[in-house]
Amino acid sequence: DISHIKNSTLEDVKAFFKHFYCPNNAILSVVGNITLEKTKLLVEKWYNDIPSQTVILKQYPQELKQIQPQKETITSDVPLDVVVKAYHCCKRMHKDYYTTDLLCDILGTGRSSRLYNSLVKGKKLFSELDCYLTGDIETGLFIIEGKAISGVDIYEAETAIISEFERLINEGIKVDELQKVKNKAETNIKFNDLGVLNKAMKLAYCEVLGEVNLMNTEVDKYSSVEINDIVSVAKETLRENNCSTLYYLAKK
């Protein structure tokens, strides 16, 4: 229901801005060719006269732990059948986050991933198959999206995805398979840290998370993940009782 948004007045917008966009509810990061002394002077000049506000953040109810599979089917004017599987996973500062992120890369990120090689390139069940994480500060979802090739039964294709999960859990992964995604993670982190703007944004974000030094330790956290960690997180996360599945089917 967005009726309350439509009925908002300019005064409501002003009140929202005043309530949240204030110094005591903000983090300022400064990166570049500037001294600490000059930074302090400029901060005082531009921000010192802005008053603090009473910030009361809403406490939203948390979703109960999912204990059984949830499924929904929608039929519409789409060209191909699609299956979307969403598994609950940990938040950004959880000890398993980096393992979960690497597991996502191993399974479904890029053309060298397991799901692509087996189910797109190999068995030709899907034309597209992607895996990604949602959520950051709060808990998120480990999502698999697959667009079935015309004529392929979407439920059989889904079973093939689950079989790949079971194969990883039962057989594990190879050392070089894990090292490849670790290298990718390190490359992405170091490449993104080259820009001044990216450094400033990352500093602020890590401070929001409550651990500003995280920007210096992320590579080590990825590097410390071991094969048994991947298997353990896969076993805990990729359970059908922990999954909500959407079948988006083309009209026959």
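Preceding block: the structure.
Description of the structure in this document. (Residues numbered from 1 in each chain as written. Predicted model: local features only at pLDDT ≥ 70, side-chain atom pairs only at ≥ 80, totals over all residues. Heavy atoms only, no water.)

Observations concerning the overall build of the protein
Using the following cut-off: Starting at the N terminus, helices and strands are each numbered in turn, a helix being any DSSP run of H or I of at least four residues and a strand any DSSP run of E of at least two. Both definitions apply: the radius of gyration is a C-alpha atom measure, and the globule rule equals 2.2 Å times residues to the power 0.38. Only protein chains enter the accessibility calculation, which uses a 1.4 Å probe; a residue whose area is less than 20% of its type maximum is buried, one above 50% is exposed, and one in between is partly exposed. When checking whether two residues touch, look at their non-hydrogen atoms; a contact exists if any pair is within 4.5 Å.
Broken down by element type, the protein carries ten helices and five strands. The globule rule puts the C-alpha radius of gyration for 252 residues at 18 Å, and the 23 Å found for the protein is more than 25% above it. If you line up the protein on its principal axes, its C-alpha atoms span 65 × 50 × 30 Å. Going through the 252 residues of the protein one by one, you find that 34% of them count as buried. Across the protein, every contact between residues at least 6 apart in sequence was considered, and the portion connecting residues at least 24 apart equals 76%.

Some thoughts on the packing of helix 8 (residues 196–209) against helix 9 (residues 214–223)
Here is the rule we go by: Note on geometry: axes are C-alpha line fits, over the in-contact stretch for helices, and angles between N-to-C directions span 0 to 180 degrees. In this scheme, roughly parallel covers angles under 35 degrees and roughly antiparallel covers those over 145, while 65 to 115 is roughly perpendicular and the rest are oblique. Residues are sorted three ways: Asp, Glu, Lys and Arg are charged, Ala, Val, Leu, Ile, Met, Phe, Trp, Tyr, Cys and Pro are nonpolar, and all the rest, Gly among them, are polar.
It is at 10 Å that the axes of helix 8 and helix 9 come closest, and there the two elements cross at 85°. Here helix 9 runs roughly perpendicular to helix 8, going by the angle between their axes. In this structure, helix 8 contributes K199, K202, L203, C206 and L209 to the contact, and helix 9 contributes L214, M215 and E218. Grouping the constituent residues of the contact of helix 8 with helix 9 by class yields five nonpolar, no polar and three charged.

Focus: the environment of A200
Turning to its location among the elements, A200 is positioned in helix 8. Relative accessible area serves as the criterion here: at 14%, A200 is assigned to the buried category. Distance in space between the C-alpha atoms of A200 and K95 is 25 Å, their sequence separation being 105 residues. In this structure A200 touches S29 and V31, once residues within four positions along its chain are discounted.

Quick word on the packing of aromatic side chains
Convention followed: Geometry of aromatic contacts follows a simple scheme: Phe, Tyr and Trp rings, the Trp one being its six-membered ring, pair when their centres are within 6.5 Å, and the pair is stacked under 30 degrees between planes, edge-to-face over 60, tilted otherwise.
Within the structure shown, the criterion is met by six aromatic pairs. With a centroid separation of 5.8 Å and an interplanar angle of 75°, the aromatic rings of Y87 and F165 are classed as edge-to-face. You can see Y87 sitting in strand 2 (residues 82–89) and its partner F165 sitting in helix 6 (residues 154–171), a full 78 residues away along the chain. The pair Y87 / F165 is uniform in exposure class, with both members buried. In this structure an aromatic cluster arises from ring pairing among Y97, Y98 and Y222.

Notes on empty space enclosed by the protein
The criterion, for reference: Within this scheme a cavity is a closed region of a 1 Å grid, computed over the protein atoms alone, that accommodates a 1.4 Å probe without allowing it to escape, whereas a pocket is open but has protein on both sides within 12 Å along at least five of seven lines; lining residues each have an atom within 4 Å of a point. Grid points are joined across faces, edges and corners, and a volume is the space filled by probe spheres set on the points.
For the structure on display, the rule yields one cavity of 30 Å³ or more. When its volume is computed, the largest cavity comes out at roughly 40 Å³. Taken together, C89, C90, K91, R92, Y97, T100, L133, T134, G135, D136 and E138 make up the lining of the largest cavity. Split into classes, the residues belonging to the lining of the largest cavity amount to four nonpolar, three polar and four charged.

Structural notes on unusual backbone geometry
Glycine aside, a negative phi is what most residues show, and trans is what most peptide bonds show. A positive phi angle, near 55°, is found at K124, a position not held by glycine. Tracing the backbone through its elements, the reader meets K124 in the loop between helix 5 (114–122) and strand 3 (126–133). On the basis of relative accessible area, K124 is assigned to the exposed category, the value being 52%.

Re the sheet that holds strand 3
As a general point, the strands of a sheet are linked pairwise by backbone hydrogen bonds and lie either parallel or antiparallel. The condition that has to hold: At least two DSSP bridges between two strands are needed for those strands to be called paired.
Spatial ordering of the open sheet is given by 1-5-2-4-3, a layout of five strands whose pairing is mixed. In this open sheet, the two edge strands, each paired with only one partner strand, are strand 1 (70–76) and strand 3. Going from strand to strand, the sheet's axes swing by 10° on average, the running direction of each strand aside. Across seven bridges, strand 1 lies against strand 5 (residues 243–250) in parallel orientation. Within strand 5, the position partnered with K71 by the bridge is T245. Lying on the sheet, helix 4 (residues 97–108) is in contact with strand 2, strand 3 and strand 4 (140–148); it crosses strand 3 at an angle near 170°.

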